[in-house]
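# Structural features, examined
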Protein chains: 4
Amino acid sequence: MTSTPHPDTVSYSYLGPAGTFTEAALKQVPEAVGARWKSVNNVGEALDDVTSGRSVAAMIAIENSIDGGVSVTQDALTNTPNLRILGEYLVPVNFVLVARPGTTLADVTTVNAHPVAYGQTRRWIDAQLPQHGYIPATSNVAAAASLLDNSIADAAVAPPGITEHYPLEVLAENIANNQNSVTRFVLVSSNTELPEPTGADKTSVIVELPDNAPGRLLEMLEQFATRGVNMSLIESRPIGDELGRYRFVIDLEGHILDERVADALLGLKRFSPNVIFLGSYPRADKLATTVTPRYGNDVFVEARDWLRAITTNEPSATREP
Amino acid sequence: MTSTPHPDTVSYSYLGPAGTFTEAALKQVPEAVGARWKSVNNVGEALDDVTSGRSVAAMIAIENSIDGGVSVTQDALTNTPNLRILGEYLVPVNFVLVARPGTTLADVTTVNAHPVAYGQTRRWIDAQLPQHGYIPATSNVAAAASLLDNSIADAAVAPPGITEHYPLEVLAENIANNQNSVTRFVLVSSNTELPEPTGADKTSVIVELPDNAPGRLLEMLEQFATRGVNMSLIESRPIGDELGRYRFVIDLEGHILDERVADALLGLKRFSPNVIFLGSYPRADKLATTVTPRYGNDVFVEARDWLRAITTNEPSATREP
Amino acid sequence: MTSTPHPDTVSYSYLGPAGTFTEAALKQVPEAVGARWKSVNNVGEALDDVTSGRSVAAMIAIENSIDGGVSVTQDALTNTPNLRILGEYLVPVNFVLVARPGTTLADVTTVNAHPVAYGQTRRWIDAQLPQHGYIPATSNVAAAASLLDNSIADAAVAPPGITEHYPLEVLAENIANNQNSVTRFVLVSSNTELPEPTGADKTSVIVELPDNAPGRLLEMLEQFATRGVNMSLIESRPIGDELGRYRFVIDLEGHILDERVADALLGLKRFSPNVIFLGSYPRADKLATTVTPRYGNDVFVEARDWLRAITTNEPSATREP
Amino acid sequence: MTSTPHPDTVSYSYLGPAGTFTEAALKQVPEAVGARWKSVNNVGEALDDVTSGRSVAAMIAIENSIDGGVSVTQDALTNTPNLRILGEYLVPVNFVLVARPGTTLADVTTVNAHPVAYGQTRRWIDAQLPQHGYIPATSNVAAAASLLDNSIADAAVAPPGITEHYPLEVLAENIANNQNSVTRFVLVSSNTELPEPTGADKTSVIVELPDNAPGRLLEMLEQFATRGVNMSLIESRPIGDELGRYRFVIDLEGHILDERVADALLGLKRFSPNVIFLGSYPRADKLATTVTPRYGNDVFVEARDWLRAITTNEPSATREP
């Protein structure tokens, strides 16, 4: 992809409004510069935009270093056909406490916040405002915006930079419980063209276990282990029909065009009644995947040549020289 | 445990107020009959009550068949020392739409609901009230109660039975997306006495992987597989220090006093820098665990006798007759 | 293969002379009827005949149900390039004690026997002839023949049917320690054309471990286990350069043209610095291989189609319908 | 053990006569100095001496670096109850060609040799004496001795040092095919007292698979892998009742009093219907076993303490500090 100017109709969807962490993730995408950015209210809307063609891609949060996988995203990716992840983007997550101009910390009795943000800043808020009341909001930006809209709240938890968009004042910065929190976003599209392998790639799949027989998860993991494919993420999600039945959201190190990953996916596909391939894409951290020599592409090619020589009865195929 | 009358001071904490699914779970506990039931606002408060001794036990939601593990509970159990799960309880989850008396479905423009309940009833609400606005609530009961408290909402999503506690009318029943949704609750205590094995038990642990080396999860699962111990739940949770480091919340079939489970826990403890034992307790579904004969208690005892005869040089220890 | 009449020059080698168990195995080969049968003295000569083209095939013993693998055969197959096993043949092994006409059991003071035959009949001989002396022979038939050639022995251990070839008398029948002993023979050729799969096939390979790192053998076996391929034989043989380094002689259930076997051989080839493919051929016992559905040929083909659709960007390749 | 002078009745059995490699192994045993050395004809006799009490121990060959395991020894150890290996000893194996005084290499037309020795020197003999005839002998020393006893042979293959015992001349030295061949011997006793762990030990066992189900061997190896126990030897031997049923002769690195080995043996015993413990003893090469920290004795002890604290309800047992 190149970042030539987009016609007006090219649109990217993101969880808005302007000022969210999702917008910060979208700012990292060179191809999105100059395109129309379409603010949506939730993951479902974002993916609808993609599948309907209203947007070429959508930016959605998939995992947080503190809270773990974003279940609603994982389930939406499971249930929406024909999507592909084009890339991943990391955004450090921290928060500020904002208020209407003139308000001091001592004035604050009620705080408006998205429940996740509230949880992630609870330690600071409980210490500084032990008597506060809490009003939940539908998004981090909505919490801030509500202050200008007759809310009974005196302050809101919001992303840094919120004051670029709203006439509010920052009462306190860096109020997150954990100062190193990072959220991982993915850019999702219906474009099924595979990006080229870069040597620093991830492959995302969602895999259903065939049944509840003991050892099934072990069997699934052996598909990766026997091909030297490492996982950077594994999360279970309920299939939903009954307690105790799971599918797994998995990120593998490597690209589907890497031989060892392709072979592992073949094994996975034979094992599982339902494998969803979500894409191979460059890693956000650009860390090259370490491949031990025995799982290199050449080793796979040589083995296939050896087998083909035997099965097609080429001369001298019986053994290695 | 027997259900003799409790002195007034014996207290059980639960996510309240009266009418919640958590209260429905607590109603299943014979020992709690006649005790004081203490309504709390969140899992943290419930566990605080237990560790401080204010309550003998707390009922908390740990998993839903649709939404998966309750992260906040899993993380709280990880971070609160000296807790034990005494039992598990299943509550079918469905919802009703309630309103102030006299309101009809056609009158409803704004709905108040806890975000999880909203998600689980969205399909019905979107179909019946395509133009509705949404206000988030902090709990299912709070959503209903708000209708009596000057809320701008016209209706609320609430648990069945809410009308026993509040003068509201039911506009629609069974509005959940999934009619078979079940939530699993656990009763948590600081009492570390082990319940007797019943033959239909679960054992819950939280296990940290020693490092990110490839194949670590596989190694962990082999601890169970080589002792014939099945898992009924495995969920990953971020350790939180950086992306890509996980601990696992695991439910095993069997009791720590079952030889095969004890041996698997020994293997797990040797493998992991941090294993939290959360308890062995009777399964809610009372399904007896199937143990293949080679993993029976007697097999473990015989093997130990055989080894002891060799290492202590008992006569004729060299081999089986 | 068909059993059309052979020209005089078509020759089959076997460990002779006439009357040996190896000859009995060769009699089971329809294609050998009418060809010249060339008696040789040892496995090395037999394989030399094959590689030089003097014989189209050689019959050699590879395993006995009591004594295990025939090491000298296993090592010869390892060290002779470009050989293929065309088929396997089972011969029940029992022995008679023979003597010159007129000799009675009471007359016997010295017994001539091949060392293996002597070992397999020792129990009977020790019981009946407690004072006997022993002279080793180079083959079972040579032991018998020696009686007619000025040997100081009075009796010889020989295969049943020896009296069809030599004017000797049977002093005792069925003198083997084990009455159910069976020897497995293989017909070896330099013809590398693969026989068609019959559904009841074996595949023989010799595999060197890459190094002595712990767990290497386990890794090798996982190549089979993850493809549902069962082994009917595994024997270790020293590589010979130092103590503790081994190669493995392995018989797999199935044919190299079975998808699961081919895939396992690919994994094996990637794992091992040296894999010798010795052939896929019909089992002597004609027992059809049981293949669980998940390892059927169709499952492999479907998985490849699925992967190809993704990597070549066919429409609708993202997921299963 | 100390090497104080033995009373005349203390006897060690070995495959004789004087001059064999087995005698060379016995010379390495300090405790055997000054005892009576009893020459026997085969492994069965040697083990009979031990079980009957005629000898305190017997030296027997168990493996050769070129020929592999000595099947007859492995089977005898399987079938003779109550034996223990006390130690292992390595003897370099090479051969000389000897003849009656005055014979030259050019005079030699017939060679007497034990079949194994003949096989191991065949390359040299075929090159130097392409027209030679061969007479098999029952032992390496018997081959040499026969030259003084009217044999028609002109030369014999014998161990170096044979001329210390017989008035013969060496025609050629170092005639073995492989100049680095080593035979491993074990000293076997009915004394079941365990030697102390030295840090450089081996443990020998013979293990029967429970049945022929696919993956059984893999399961057996997992018992070792999950405890970090390495194998230095694994050989299959037919159980003997039918083709395709095997037991395994296994040498493990470590001592039964090492926690990880003891735990692996427990797992093995639970897995297998028949485990024969043959002993833990110092390695001949005195190479200390490398134990990764996670399999150290302390790790096993700590895990047991942790489990015991939970199952006996010691205070603060729920988790690690």
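Thresholds applied
- Residues numbered from 1 in each chain as written.
- Chains lettered and ligands numbered in written order.
- Predicted model: local features only at pLDDT ≥ 70, side-chain atom pairs only at ≥ 80, totals over all residues.
- Heavy atoms only, no water.
- Helix = DSSP H or I, 4+ residues; strand = E, 2+ residues; numbered from the N terminus.
- Contact = heavy atoms within 4.5 Å.
- Lys, Arg positive; Asp, Glu negative; His and termini not counted.
- Charge placed at Lys NZ, Arg CZ, Asp CG, Glu CD.
- Domains from an automatic or database assignment.
- Salt bridge = Lys/Arg side-chain N within 4 Å of Asp/Glu carboxyl O.
- Polar contact = N/O pair within 3.5 Å; in protein donor to acceptor, adjacent residues only side chain to side chain.
- Pairing = 2+ DSSP bridges.
- Axes fitted to C-alpha atoms, helices over the stretch in contact; angles between N-to-C directions.
- Least-squares fit on C-alpha atoms with pLDDT ≥ 70 in both.
- Expected span 1.5 Å × (residues − 1).
- Bend = angle between axes of the 7 residues up to and from the residue.
- Buried < 20%, exposed > 50% of the residue type's maximum accessible area, 1.4 Å probe, protein only.
- Phe/Tyr/Trp six-rings, centres within 6.5 Å; stacked < 30°, edge-to-face > 60°.

Another point: the overall build of chain A. The number of helices and strands found in chain A is 8 helices and 15 strands. Taking the principal axes of the C-alpha coordinates as reference, chain A spans close to 90 × 50 × 35 Å. Intrachain contacts of chain A at a sequence separation of at least 6 include 75% that bridge at least 24 residues. Computed over 24 positive and 38 negative side-chain charges, the separation of the two mean positions in chain A equals 4 Å.

Glancing now at the domain arrangement of chain A. Split by domain assignment, chain A resolves into domain 1 (1-93 + 181-193), domain 2 (96-172), domain 3 (194-290) and domain 4 (292-321). Each of domain 2 of chain A and domain 4 of chain A was reduced to a C-alpha centroid, and the two centroids are 64 Å apart.

The next thing to look at is the interface of chain B and chain D. Contact with chain B, which involves 46 residues of that partner, is made by 44 residues of chain D. Put simply, chain B and chain D have 4 salt bridges between them. For the salt bridge of Glu219(B) with Arg294(D), the shortest nitrogen-to-oxygen distance reads 2.4 Å. For the pair chain B and chain D, the number of links is 6 residue pairs in polar contact (both at pLDDT 80 or more). Of all the secondary structure elements, the ones that give two or more residues to the side of chain B that touches chain D are α3 (71-79), α6 (216-225), α7 (259-271), β15 (275-282) and α8 (297-311) of chain B.

Quick look at the sheet that holds strand β13 (residues 231-238) of chain C now. Paired through backbone hydrogen bonds, the strands of a sheet run either parallel or antiparallel to each other. Residue and element names in this part refer to chain C. Pairing is antiparallel across the open sheet formed by 4 strands, whose spatial order is β13-β14-β12-β15. What marks the edges here is a single partner per strand, and that holds for β13 and β15 (274-282). Sheet twist, expressed as the mean angle between neighbouring strand axes with direction ignored, is 15°.

On to the environment of Ala153(D). All names here are of chain D. Tracing the backbone through its elements, the reader meets alanine 153 in the loop between α5 (140-146) and β9 (155-158). In this structure, the C-alpha to C-alpha distance between alanine 153 and threonine 226, residues 73 residues apart in sequence, is 56 Å. For alanine 153, the contacting residues outside a window of four places in its chain are Arg100, Thr110, Val111, Asn112, Ile135 and Leu147.

This part covers the relation of the copies chain B and chain D. Mapping chain B onto chain D calls for a rotation angle of 180° and an axial translation of 0.0 Å; the resulting RMSD is 0.1 Å. Both chain copies can therefore be described as sitting about a two-fold axis. Most of the interface of chain B is mirrored in chain D, where 96% of its interface residues are also at the interface.

Moving on, we get to the arrangement of the chains. Taking contact number as the criterion, the leading pair out of 4 pairs of chains in contact is chains B and D. In this assembly chain B lies apart from chain C, the nearest approach of their C-alpha atoms being 13 Å. Across all C-alpha pairs, the smallest distance from chain A to chain D is 13 Å, and the two are not in contact.

Mapped onto the elements, Thr312(D) comes out in the segment after α8 (297-311). A polar atom in the side chain of Thr312(D) sits 2.6 Å from the backbone oxygen of Arg308(D).

Take helix α4 (residues 115-128) of chain C next. Residues and elements named next belong to chain C. Along its 14 residues, α4 runs 18 Å from first to last C-alpha, staying within 8% of the 20 Å computed at 1.5 Å per residue. Within α4, the axis deviates most sharply at threonine 121, by approximately 65°. Of all the positions in α4, only Ala117, Tyr118, Gln120, Thr121, Trp124 and Ile125 are classed as buried.

Moving on, we come to the pairing of strand β12 (residues 201-208) of chain C. Looking along a regular strand, one sees side chains alternate from face to face of the sheet. Residue and element names in this part refer to chain C. Across the 8 residues of β12, 8 count as buried, placing the element largely inside the fold. Here β12 shows two buried faces, one formed by Asp201, Thr203, Val205 and Val207 and the other by Lys202, Ser204, Ile206 and Glu208. Note: β12 against β15, 8 bridges, orientation antiparallel. Within β15, the residue paired with valine 207 across the bridge is valine 275.

In this section: the relation of the copies chain C and chain D. Superposition record for chain C on chain D: RMSD 0.1 Å, screw rotation 180°, translation along axis 0.1 Å. When the interface residues of chain C are mapped onto chain D, 100% of them again lie at the interface, so the same face is used by both copies.

Residues and elements named next belong to chain A. Counted according to the given criterion, the structure contains 12 aromatic pairs over all chains. Ring centres of tyrosine 14 and tryptophan 37 lie 6.3 Å apart, and the angle between their planes is 70°; this geometry places the pair in the edge-to-face category. One end of the pair, tyrosine 14, is in strand β1 (residues 11-15); the other, tryptophan 37, is in strand β2 (residues 36-40), and 23 residues separate them in sequence. A residue is classified by how much of its surface remains accessible, and tyrosine 14, at 5% relative accessible area, is buried.

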